[in-house]
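# Architecture and fold: a report
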Amino acid sequence: MNFLAHIYLSGDNPKIMVGNFIGDFVKGRNLIEQFEPEIARGIELHRAIDEFTDHHPVVLQSKIRLRPKYRHYAAVIVDVFYDHFLSRYWNDFHTQLLADFSSQTYKTITHHWETLPAAVKHMLPYMIRDNWLVNYGKLEGIEQALAGMSRRTRHNSKMNESIADLRENYDAFKMEFEMFFPELIQHSQHFIMGTRE
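Just so we're clear, the structure is a prediction, and the values are computed from it rather than from any experiment.

Scanning the protein chain from terminus to terminus reveals 12 helices and zero strands. From first element to last, N terminus to C terminus, the protein chain shows the α and β order α-α-α-α-α-α-α-α-α-α-α-α. Principal-axis analysis of the C-alpha atoms gives the protein chain an extent of 45 × 35 × 35 Å. The 197 residues of the protein chain split such that 50% are buried. Intrachain contacts of the protein chain at a sequence separation of at least 6 include 67% that bridge at least 24 residues. With the model as given, the accessible surface of the protein chain reaches about 10500 Å², and the carbon-plus-sulfur share is 51%. Taken together, the 22 basic and 25 acidic charged side chains of the protein chain have centroids lying 6 Å from each other.

If you want it as structure tokens, here you go:
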């Protein structure tokens, strides 16, 4: 999953949310030596979300649709597509307006500036300036996000072209998101509460 989903799935604990947000930028297993406990827990949640997503059969259907053209980048593209649906249909999942949720999120992350990895500190001003979390809900916003990711890849990922695949198969990707995401919500809640499913 991409940024919005990871933030949303963190519940109402700000430090878990910050850890979940920076999860892709943190390597290694000795998290408790690098971060305070709730930040470390958020990073562990991020990894649990990724593990669950990577092996889910419904997500696999989405990836298979993209794999012939985009190969291993299909998983990254699906993450962005799913964030689009979460952003666009936000009111189905949260009582707070997405604009307010996003503004609050940016403030929370910025408040933990000293904790953020260097790459996140570089990215965050652009994220705030262009309000990525809200703009994911627009096809133009997703197109910009995918184009930016494509520019940053070493190989010709063609991710910038995948907006055409989203438009062409919009209903199929949306249905798969709607099947998968409630299960991911439940999985994340169990992880946060420390209970078995």
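What follows deals with the pattern of salt bridges. Tallying each qualifying case throughout the model produces six salt bridges. Residues R41 and E44 are paired through a salt bridge, measuring 3.4 Å at the closest nitrogen-oxygen approach. In this pair, R41 and E44 both sit in helix α4 (residues 37–54), three residues apart, roughly one turn of the helix. Note on R41: relative accessible area 29%, which makes it partly exposed. Residue E44 is classed as partly exposed on the basis of its relative accessible area, which comes to 36%. A salt bridge links D130 to R129; the nearest nitrogen and oxygen atoms lie 3.1 Å apart. Among the residues examined, R129 registers a relative accessible area of 59% and is labelled exposed.

Scoring rules and cut-offs
- Residues numbered from 1 in each chain as written.
- Predicted model: local features only at pLDDT ≥ 70, side-chain atom pairs only at ≥ 80, totals over all residues.
- Heavy atoms only, no water.
- Helix = DSSP H or I, 4+ residues; strand = E, 2+ residues; numbered from the N terminus.
- Buried < 20%, exposed > 50% of the residue type's maximum accessible area, 1.4 Å probe, protein only.
- Contact = heavy atoms within 4.5 Å.
- Areas by Shrake-Rupley, 256 points an atom, 1.4 Å probe, with all protein chains shown as cover.
- Lys, Arg positive; Asp, Glu negative; His and termini not counted.
- Charge placed at Lys NZ, Arg CZ, Asp CG, Glu CD.
- Salt bridge = Lys/Arg side-chain N within 4 Å of Asp/Glu carboxyl O.

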